[in-house]
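# What the coordinates show
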Amino acid sequence: MTTKWVYTLDELDQAEAAVGGDWDRVRGLLGGKGANLAEMNRLGVPVPAGFTITTEACNTYLARGGELPPGLWEQALAALRTMEAKSGKRFGDPSNPLLVSCRSGAKFSMPGMMDTVLDIGLNDEVTEGMIKLTGNERFAFDSYRRLIQMFGTVVLGVRDEPFEDVLANQRERRAVSSDADLTGDDFRSVVGDFKDIVRRHARMDFPSGAEDQLRMAIEAVFDSWNGKRARDYRQAANIPHDLGTGVNVVTMVYGNLGAGSATGVAMSRNATTGENALEGDYLTNAQGEDVVAGTRPTKPLEQLKGEMPKVYTQFEGIARRLERHYRDMQDMEFTVERGELWILQTRTGKRTAQAAVRIAVELADEDLISREEAVLRVAPEQIEFFLHPQFSAAAKAGHKVIAVGLNVSPGAATGVVAFNPDLAERWAKEGNRDVLLVRPETKPDDVHGMLAAKGILTSSGGRTSHAALVARQFGKPAVVGASELSIDLGARVMTVGSLEISEGEWISVDGTTGEVFSGQLETVVPDMEDEWLSRLMVWADEFRRLGVRANADYPEDAERARKYGAQGIGLCRTEHMFFQAERLPTVQRMITTRSPAERREAVDALLPFQRADFAGLFRAMDGLPVIIRLIDPPLHEFLPSFEDLTRQLADLQIRITNARTLEEVEGITVKLLETQAMLDRVASLREANPMLGLRGVRLGILIPELTRMQVRAVFEAACEVTREGRKAIPEIMIPLTSHVNELRRQRAVLEAEAQEVMEEQGVEIGYQFGTMIEVPRAALTADQIAEYAEFLSFGTNDLTQTTFAMSRDDAESGFLVRYLGDGILPANPFATLDEDGVGKIMRMAVTEARKTRADIETGVCGEHGGDPASIAICDRLGLDYVSCSPYRVPIARLSAAQSALRARV
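Figured I'd write up the structure that's included with this text. (Residues numbered from 1 in each chain as written. Predicted model: local features only at pLDDT ≥ 70, side-chain atom pairs only at ≥ 80, totals over all residues. Heavy atoms only, no water.)

With that out of the way, let us pick up the layout of surface pockets. Empty space within the second largest pocket amounts to approximately 920 Å³. Surrounding the second largest pocket, 34 residues form its lining, M691, R695, N797, D798 and Q801 being those nearest its centre. Put simply, the parts of the chain that give the lining of the second largest pocket at least two residues each are β27 (569-573), α23 (574-578), α33 (796-804) and α34 (808-811). Tallied by class, residues from the lining of the second largest pocket come to 11 nonpolar, 11 polar and 12 charged. (1 Å grid on protein atoms, 1.4 Å probe; cavity = no way out; pocket = protein on both sides within 12 Å on 5 of 7 lines; lining within 4 Å. Points joined across faces, edges and corners; volume = space filled by probe spheres on them. Helix = DSSP H or I, 4+ residues; strand = E, 2+ residues; numbered from the N terminus. Nonpolar A, V, L, I, M, F, W, Y, C, P; charged D, E, K, R; others polar.)

Describing two packed helices takes the angle between their axes plus the distance from one axis to the other. Contact geometry of α33 with helix α36 (residues 838-852) gives a least axis separation of 10 Å together with a crossing angle of 115 degrees. Compared by their axis directions, α33 and α36 come out roughly perpendicular. In the packing of α33 onto α36, the handedness of the crossing is right-handed. Only V838, I841 and M842 of α36 make contact with α33, whose side of the interface consists of T796, L799, T800, T803 and F804. Split into classes, the residues belonging to the contact of α33 with α36 amount to 5 nonpolar, 3 polar and no charged. (Axes fitted to C-alpha atoms, helices over the stretch in contact; angles between N-to-C directions. Parallel < 35°, antiparallel > 145°, perpendicular 65-115°, else oblique. Left-handed = near helix turned anticlockwise from the far one by under 90°. Contact = heavy atoms within 4.5 Å.)

On to the nonpolar core. Ranked by internal contacts, the top residues of the largest apolar core, which has 132 residues, are F614 and F618. With sequence-adjacent residues up to four places away left out, F614 is seen in contact with C572, T574, M577, I628, Q710, A713, V714 and A717. Counting 89 residues, the second largest nonpolar core, distinct from the first, contains A76, L77, V198 and V408. (Core = buried A, V, L, I, M, F, W, Y, C linked by side-chain atoms within 4.5 Å. Buried < 20%, exposed > 50% of the residue type's maximum accessible area, 1.4 Å probe, protein only.)

What follows concerns the pattern of salt bridges. As enumerated under the stated definition, the model contains 77 salt bridges in all. The residue D13 makes a salt bridge to R42 at a minimum N-O spacing of 2.7 Å. With a gap of 29 residues between them, D13 in helix α1 (residues 12-18) and R42 in helix α2 (residues 23-43) connect regions that are remote in the sequence. Judged by relative accessible area, which is 41%, R42 ranks as partly exposed. (Salt bridge = Lys/Arg side-chain N within 4 Å of Asp/Glu carboxyl O.)

Counting across every chain of the model gives 0 disulfides. Free cysteine C719: the closest other cysteine sulfur is in C572, separated by 18 Å. Not part of a disulfide, C874 finds its nearest cysteine sulfur in C861, a span of 11 Å. (Disulfide = S-S within 2.5 Å.)

Side chains F791 and S793 of strand β31 (residues 791-794) all project onto a buried face; the interleaved residues L792 and F794 project onto the opposite face, where all are buried too. In this structure, strand β30 (residues 768-773) lies alongside β31, joined through 4 bridges in parallel fashion. When the sheet's bridge partners are listed, T771 is paired in β31 with L792. Both β31 and strand β32 (residues 857-860) contribute to a ladder of 4 bridges, which runs parallel. Bridge pairing in β32 places S793 opposite G859. (Pairing = 2+ DSSP bridges.)

Pairing between sheet strands relies on hydrogen bonds along the backbone, with the strands arranged either parallel or antiparallel. Pairing within the closed barrel is parallel, and its 8 strands lie in the order β26-β27-β28-β29-β30-β31-β32-β33. Neighbour-to-neighbour, the strand axes of this sheet turn through a mean angle of 25 degrees, independent of strand direction. Relative to strand β33 (residues 881-884), strand β26 (residues 547-551) is paired through 4 bridges, and the arrangement is parallel. Pairing of V548 across the sheet is with V882, part of β33.

So, on to the sheet that holds strand β22 (residues 499-502). On the basis of which strands lie adjacent, the open sheet formed by 3 strands has the order β20-β21-β22 and antiparallel pairing. Lying at the two open borders of the sheet, with one neighbouring strand each, are β20 (486-488) and β22. When strand polarity is set aside, the average angle formed by the axes of neighbouring strands in this sheet is 20 degrees. Summarising the sheet, strand β21 (residues 493-496) and β22 pair through 4 bridges and their orientation is antiparallel. By the bridge assignment for β22, V493 is matched with S502.

And the structure:
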């Protein structure tokens, strides 16, 4: 049976039948653009006639080394004949020519990342025929020069600059600023120059055969699936590389036929704020690429209401109809040809995170989608954008606004200017400075630099320009159309009035307000106060099963976590408190002394600090549980390194040799003896593998006065806060347990201390003791451990290391990069939980522990607790909570809700 590679826009029913009627698979077969064109055609929306070549054809073409699949070209020509019959025009016929566009269209929208060729079918004879038909020489030669330039760059690989130089020279000769002001004679001259460029650079004549043009364009669009910018975009957007692209061949309609014609791009809602109002840009007497390229100042869509009121009303109705049909905000391309409206594309619109949240909530309010679907519509990563840095009012007050453009993607960014995308990428990879990409306008080939940059600034372009679309997609703060800027790419400098800014100098952009500043402005993290987000998170909390806590060591972190919706603290790392400057000398004295009395004195000196720390956490978390992990890291981490002390000792020995006075010798000798003593103590604590050495519960067993002090501090603080009328819920976590006897012994000592404090204080505190599961043996014997633990918290960072026998610090900067690149591992196990290995161990631990203690509390407190994919795994494992950074609490809440909703299906 012959494979069907081509579907006309009237054959959507056949495409649906081929994939079992599933719309997602239809989009996979025809690509999003082809599927939506066919669907609009079925709905009666004015769409030009055309056909779609399937994504399967693309993949087959690429697998065959760039050879069209058997039968494809014949099917394409047959579909072309159908288009001719419907239009009464003939492809390549000068007397009544049919002209077509050839556009890419993958399953997932990739704006501008693949190739397009317009005006296919024009040559010298057809162009003259077009002049006779339209009486418009300018239109005919404008279209012809566009074809030669597009075909030259896309199909033949000619650089764009020679073509642009010709246009610039023509504008200069005519003393005009825009291509729109050039005449038919001007474009006739440009066409001749463009042909010479093709001949020189491609070493061939521009092909005059219409079918030759079409076949070569189809192959070029297929090839563009594997182009660098497309691969970079897919990598950043997590789009699989094996989907392929469809090719859409559609009858050309023209917005450059004079004053009654126009072309534009519009969103059914505001893509920046989410407001329920049409938003877009258009140009009269232009073709579509003029709007998105940013080469001409566009008009806001609102003006079309006055310029072409009937067209505007018709478009407004279509936009609302498409939005209701697809139940989402739509991004539409349209052309008006002599007063007749045509829709060339609709797709789900790219939007900022703020817009995504508002649109989801309002669509639910309008009963277009359910609340459950609204929660699923917002990607967890988008919540992070609500915490994008902003410029404080004080920072802005100290810097002058040098330019203002369109605020197309919110957030604040500061960095050094890079005018070239390759340079932006290189500087960003070097990692020693943040970069802002600054361009007159961006093109699809710039995407790698845009992804690397912290923010984007252009001197031209509108709200639907390429720069705006990509910035919104990837959450990059962006200001476009800052027309006060004059950018000289050759000299690598931009000027604003008398101010000159060279490449490498600092600027700052505010994508929320559209302001541009010279210099480096300080940023602050905003509070998450957004009415739409608040409503969405309330819905999310209704749907999720999994609790969300925060990792917090200080009261200010705890307060922020609670504000962001944390239901307690899942990990307080007490050792972080010991590193503070006023405490570290006491900690070091406790470690280095060989006198039990002096150690007891040092421990007692630390007690008030720890008590105050814990009291602050209990106050912030009033009524919510606080898991406090007792000291975990090896003691050497609190001391100077062996290597540094050795160098200091050698330096002191040199200094004592060169000393000139007895007083100098005595002073250096004292320092030398102190350094030697510290070195001896550090040497005595050295271990070949300290992360598997004297740390965690082992430290508490060998130095019980240290962990007893910590527990005393916890319960004294809890009693203090309780007397204030608040509720403290301490949960004591003993780290790195590998054998039940460790936990049994340490708990007995610590629980006795807790009881002693409560008796002293005359206050009864509800508490729990638990342990951290960080090594496989603890997980395998969780049934035994559960006899002495009311809760288990999986420390998945160390559990991953010990399960894989892989050091995170070494692996992530070494062989793991190669493993991921070669596909040996599907994902970084330190970023996303390894469900098949680490996850299986966790499931076993939970199952065994619940056999002993049915109500045992289980959670995760490693960095995986803030990763959406890992949160879904934790939900499937039946854990009770995840704990993450305060800033990732909202992300975890939404991820947990989405996991619960997907489990219903």
